[in-house]
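# Structural features, examined
Here are the chains, one letter per residue:
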Amino acid sequence: MSSGIVVTALNARANFGKLLRRVEDEGRSLVIEKRGRPRAVLLSIRDYVRLAVPEPEVLRVLGEESKQKGTHRLGAKQVEAIIKAARKPKTR
């Protein structure tokens, strides 16, 4: 993540649209302070996704396994059906 911009909560409220565009365009984070203390951070969606998803190596391995098994071609409804079938209790 790039270096951040620090603004007061009042400034953030008054200029939210402008600051949102700046965060998106410049790929920088925005630290919002209230009474001199950091209270929140505004991130670009790209930075958020990078922080929220598993490590790239994990994704690469999962992708390779999916291609080997042929599951990369399954749609959402097919995946839901497979999960539903797997969760059904087994009868003996």
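In short, a report on the structure. Since the model is a prediction, treat every value here as computed from it, not as a measurement.

Criteria and thresholds
- Counting from 1, residues in each chain are numbered in the order their sequence is written.
- Local features are withheld for residues below a pLDDT of 70 in this predicted model, meaning they are given only at 70 or higher, and side-chain atom pairs are given and counted only at 80 or more; totals for whole chains, interfaces and linings count all residues.
- By convention in this description, side-chain values take in all heavy atoms of the structure and omit both hydrogens and water.
- The helix count covers DSSP runs of H or I at least four residues long, the strand count covers runs of E at least two residues long, and both are numbered beginning at the N terminus.
- Taken over C-alpha atoms, the radius of gyration is set against a globule rule of 2.2 Å times the number of residues to the power 0.38.
- Working definition: with a 1.4 Å probe on protein chains only, accessible area under 20% of the residue-type maximum means buried, over 50% means exposed, and in between means partly exposed.
- Note on pairing: two strands pair once DSSP finds at least 2 bridges between them.
- Two residues form a contact once any of their heavy atoms are found within 4.5 Å.
- Patch membership needs two things, relative accessible area over 30% and no salt bridge, and members are linked within 9 Å if like-charged or within 5 Å if nonpolar (Val, Leu, Ile, Met, Phe, Trp, Tyr).
- Only the protein chains shown count as cover for residues, and the accessible areas themselves come from Shrake-Rupley with a 1.4 Å probe.
- Take a side-chain nitrogen of Lys or Arg and a carboxyl oxygen of Asp or Glu: if they are within 4 Å of each other, that pair is a salt bridge.

This brings us to the overall build of the protein. Tallying secondary structure elements over the protein gives five helices and three strands in all. Listing the helices and strands of the protein from first to last along the sequence gives β-α-α-β-β-α-α-α. Over its C-alpha trace the protein gives a radius of gyration of 21 Å, far above what one expects of a compact globule, namely 12 Å for 92 residues. In terms of principal-axis extent, the alpha carbons of the protein reach across some 65 × 30 × 20 Å. Going through the 92 residues of the protein one by one, you find that 13% of them count as buried.

Bringing the pairing of strand 1 (residues 5-8) into the picture now. A one-sided burial pattern is seen for strand 1, the buried positions being Ile-5 and Val-7 and the unburied ones Val-6 and Thr-8. Pairing geometry for strand 1 and strand 2 (residues 30-34), over four bridges, is parallel. Bridging from a neighbouring strand, Ile-5 pairs with Leu-30 of strand 2.

Here Ser-66 is to be found in helix 4 (residues 56-69). Residue class for Ser-66 comes out buried when judged on its relative accessible area of 17%. If sequence neighbours within four positions are ignored, Ser-66 has contacts with Thr-71 and His-72.

A few words on the side chain of Ser-44. When you line up the elements, Ser-44 lands in the loop between strand 3 (37-42) and helix 3 (45-52). Apart from the residues within four sequence positions on either side, Ser-44 is in contact with Val-23 and Glu-24.

The subject of this paragraph is a nonpolar patch on the surface. On the surface, a cluster of nonpolar side chains totalling about 640 Å² of accessible area is made up of Ile-45, Tyr-48, Val-49, Val-53, Val-58, Leu-59 and Leu-62. Here Leu-59 lies in helix 4. For Leu-59, a relative accessible area of 43% puts it in the partly exposed group.

On to the environment of Ala-12, then. Along the chain, the position of Ala-12 falls in helix 1 (residues 9-14). Judged by relative accessible area, Ala-12 falls into the buried class, the value being 5%. Put simply, Ala-12 and Gln-78 are 66 residues apart on the chain and 44 Å apart in space, counted from C-alpha to C-alpha.

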